Amino acid sequence: MTSIAIVDYGMGNFHSVARALAAAAPDADIRICNTVADIDAADRVVFPGQGAMADCMRTLNESGLREAVLHAARSKPLLGVCVGEQMLFDTSEEGPTICLGIFPGVVHRFSGPQYAAPIGAYEDPAVAPPDGERLKVPHMGWNKVRQTRSHPIWAGIPDGTHFYFVHSYYAVPADPGLTVGESDYGGSFTCAVATANIFAVQFHPEKSADHGLRLYRNFVDWRP
């Protein structure tokens with residue numbers, strides 16, 4: 001039986017991920033793990049995350065699980081989800097924060113004239129809000145994902161499938177070859193990356209209905 005460790009470092013929707021994995025792979029041994037030994041013993045690892053990047057990195061470091069995640073990234077199939085994907089990169093503008101440095105690149109905030117100004121930006125009555133429609137940040141809801149190259153995790157998932165997103169930041173890989181999926185929100189952005197034994201997504205498979213479950217099933221079956 002395949003064993004899957006969901007890394008519980010205190011910042012993530014671990015129980016939702018566990019329920020989705022159990023539905024997608026009822027034949028797998030799925031555990032929410034908060035010890036190095038349990039993560040090291042698992043056949044494969046899911047690394048979720050949600051909340052502010054600085055808090056995620058701080059709690060990961062304080063939990064003592066940082067090295068377990070780094071070891072998993074070097075030695076077994078690893079799936080990063082949402083902020084768990086962002087944490088794999090060098091740095092994030094949120095904070096700013098130094099991240100794990102597994103992938104070269106920077107996590108940027110959605111910014112520019114196409115996006116609505118942050119809350120409080122127009123508290124001065126002398127400053128008028130911009131005219132016209134603006135995209136809200138965070139980017140929240142269903143959005144189409146383009147598969148930029150084939151990968152076993154995409155098996156049975158049509159190109160252009162909609163997945164569920166909740167985020168204000170997105171990763172920009174230094175190596176464009178890492179990108180396996182893109183979406184659009186005021187411009188194209190990377191929403192899925194992959195290397196030899198790592199696959200990571202900005203969207204939430206556990207909130208993405210049948211195709212999200214199929215992605216989790218594909219991860220369980222993946223033999224990199």
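Definitions and limits used
Residues numbered from 1 in each chain as written. Predicted model: local features only at pLDDT ≥ 70, side-chain atom pairs only at ≥ 80, totals over all residues. Heavy atoms only, no water. UniProt positions renumbered as here; feature names shortened; annotations may be inferred. Helix = DSSP H or I, 4+ residues; strand = E, 2+ residues; numbered from the N terminus. Rg over C-alpha atoms; globule rule 2.2 N^0.38 Å. Buried < 20%, exposed > 50% of the residue type's maximum accessible area, 1.4 Å probe, protein only. Areas by Shrake-Rupley, 256 points an atom, 1.4 Å probe, with all protein chains shown as cover. Lys, Arg positive; Asp, Glu negative; His and termini not counted. Charge placed at Lys NZ, Arg CZ, Asp CG, Glu CD. Phe/Tyr/Trp six-rings, centres within 6.5 Å; stacked < 30°, edge-to-face > 60°. Lys NZ or Arg CZ within 6 Å of the ring centre and 35° of its normal.

In the annotation of an unreviewed UniProt entry, the entry for the chain reads Imidazole glycerol phosphate synthase subunit HisH, and the organism field reads Bordetella flabilis. As stated in UniProt under Subunit (unreviewed entry), the record for the chain gives "Heterodimer of HisH and HisF." Check the Function (unreviewed entry) section of the UniProt entry for the chain; it says "IGPS catalyzes the conversion of PRFAR and glutamine to IGP, AICAR and glutamate. The HisH subunit catalyzes the hydrolysis of glutamine to glutamate and ammonia as part of the synthesis of IGP and AICAR. The resulting ammonia molecule is channeled to the active site of HisF."

Caption draft 1: Molecular detail of the overall build of the chain. The helix and strand inventory of the chain stands at six helices and 14 strands. Computed over the C-alpha atoms, the radius of gyration of the chain is 18 Å, within 12% of the 17 Å expected from 2.2 N^0.38 for a compact globule of 224 residues. Summarising its shape, the C-alpha atoms of the chain cover approximately 65 × 40 × 30 Å along the three principal directions. For the chain, buried positions account for 50% of its 224 residues. As presented, the chain carries roughly 9,900 Å² of accessible surface, and 53% of it is formed by carbon and sulfur atoms. Each charge sign in the chain was given a centre, from 17 positive and 24 negative side chains, and these centres are 5 Å apart.

Caption draft 2: A look at the packing of aromatic side chains. Counting across every chain of the model gives 15 aromatic pairs. Grouping aromatic residues by their ring pairs yields a cluster made of Phe110, Tyr115, Phe163, Phe165, Tyr170, Tyr185, Phe189 and Phe203. Above the ring of phenylalanine 219, the side-chain terminus of arginine 44 is found at 5.6 Å from the ring centroid.

Caption draft 3: Molecular detail of unusual backbone geometry. Between glycine 95 and proline 96 the backbone carries a cis peptide bond, its omega angle lying at -5°. With an omega dihedral of 15°, the bond running from valine 137 to proline 138 counts as a cis peptide bond. Mapped onto the elements of the fold, proline 138 is located in the loop between strand E7 (103-109) and strand E8 (139-144). Here the phi dihedral of cysteine 82 falls at roughly 60°; this positive angle occurs in a residue that is not glycine. On the secondary structure map, cysteine 82 appears in the loop between strand E4 (78-81) and helix H5 (83-86).

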